[in-house]
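Here is how the chains run, residue by residue.
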Amino acid sequence: MAGRLAGKRCFVTAAGQGIGRATVLAYAAEGATVVATDRDAEKLSGLAAQTVTTAALDVLDDQAVMECITRHGPFDVLFNCAGFVHQNDVLSCTDDDWDFAFALNVRSQWKVMRAVLPGMLGRGGGAIVNMASAAGSVKGVANRFVYGTTKAAVVGMTKSVAADYVAKGIRCNCVCPGTVDTPSLGERISANAAAMGGETAARAAFVGRQAMGRLATPEEIAALVVYLSAPESAFVTAQAVVIDGGWTN
């Protein structure tokens, strides 16, 4: 039986680990042809297959973005997954923190959408899924000042793109995860370990803020991304879909 994305061409950023990698595998399992990109080419190891092409890509490099999409496109689906989580507040956030967070978390998504959209329009439509977060416009989270600010911007950007292109066959949504058990989270746990009595205590603190008493898996987030990418969600656009285990309830 054909998968939900049979015949679809998908483009994924930050595909080397975590949610991005899980989504590449989920797209492929649903019959899609996938181009999986990451700044660190080594992280893409093991993904290349008959229906998955891997490519090194720094989404902060506008020319590289355009060249990669021109070379491998056009696409029916885009999953904008690249991002970074700063830990700061309004007083400790530096100019460099602010500039980098907006460049990676917001500007890169704009640039990738801008590069992909003409091809989608030429194919008669498409689905864009952007990575936002429950931390931002959904919920204020301590020590996530610039991160939450950028993720709120992603929600606004997503809704704007959806409004502009809804009559042209383009859907644009974003996912707003809670805490997900990814390598990125592992790095934050290590960074907080000394101040929180060790890695076990730091991890317990992240788990403890989830109403379900556990972290999400990358595969659970990928399943939502697949739904928003597939024809079955054809009436869904301009939505910031929260998947946080009840954290924001």
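Residues numbered from 1 in each chain as written. Predicted model: local features only at pLDDT ≥ 70, side-chain atom pairs only at ≥ 80, totals over all residues. Heavy atoms only, no water.

## Concerning the sheet that holds strand β5 (residues 126–131)
Part 1: Pairing within the open sheet is parallel, and its seven strands lie in the order β3-β2-β1-β4-β5-β6-β7. What marks the edges here is a single partner per strand, and that holds for β3 (52–56) and β7 (240–243). Between one strand axis and the next, the sheet turns through 20° on average, direction left out of account.
Part 2: Looking at chain direction, strand β1 (residues 9–12) and strand β4 (residues 77–80) are connected through three bridges and run parallel. The partner of valine 12 across the bridge, within β4, is phenylalanine 79.
Part 3: Helix α1 (residues 18–29) rests against β1, β2 (33–38), β3, β4 and β5 of the sheet, and its axis sits at about 160° to β4.
Part 4: Of the strands in this sheet, β1, β4, β5 and β6 (170–177) touch helix α3 (residues 95–122), which is tilted by about 175° from β4. (Pairing = 2+ DSSP bridges. Helix = DSSP H or I, 4+ residues; strand = E, 2+ residues; numbered from the N terminus. Axes fitted to C-alpha atoms, helices over the stretch in contact; angles between N-to-C directions. Contact = heavy atoms within 4.5 Å.)

## Focus: the layout of surface pockets
Part 1: What the largest pocket holds in volume is close to 1,100 Å³.
Part 2: Lining the largest pocket are 41 residues; nearest its centre among them are Gln17, Gly83, Phe84, Val85 and Ser184.
Part 3: Of all elements in the fold, only α1, α3, α4 (145–165) and α5 (183–193) reach the threshold of two or more residues within the lining of the largest pocket.
Part 4: Among the elements that take part in the lining of the largest pocket, α5 stands out by supplying four residues, more than any other.
Part 5: For the lining of the largest pocket, the class distribution of residues is 20 nonpolar, 11 polar and 10 charged. (1 Å grid on protein atoms, 1.4 Å probe; cavity = no way out; pocket = protein on both sides within 12 Å on 5 of 7 lines; lining within 4 Å. Points joined across faces, edges and corners; volume = space filled by probe spheres on them. Nonpolar A, V, L, I, M, F, W, Y, C, P; charged D, E, K, R; others polar.)

## Things to note about the packing of helix α2 (residues 62–72) against α3
Part 1: Where α2 meets α3, the axes come as close as 9 Å, and the angle between the chain directions of the two elements is 35°. The hand of the α2/α3 crossing is right-handed. Contact residues: Asp62, Val65, Met66 and Ile69 in α2; Arg107, Lys111, Val112, Ala115 and Val116 in α3.
Part 2: A class-by-class count of the residues in the contact of α2 with α3 yields six nonpolar, no polar and three charged. (Left-handed = near helix turned anticlockwise from the far one by under 90°.)

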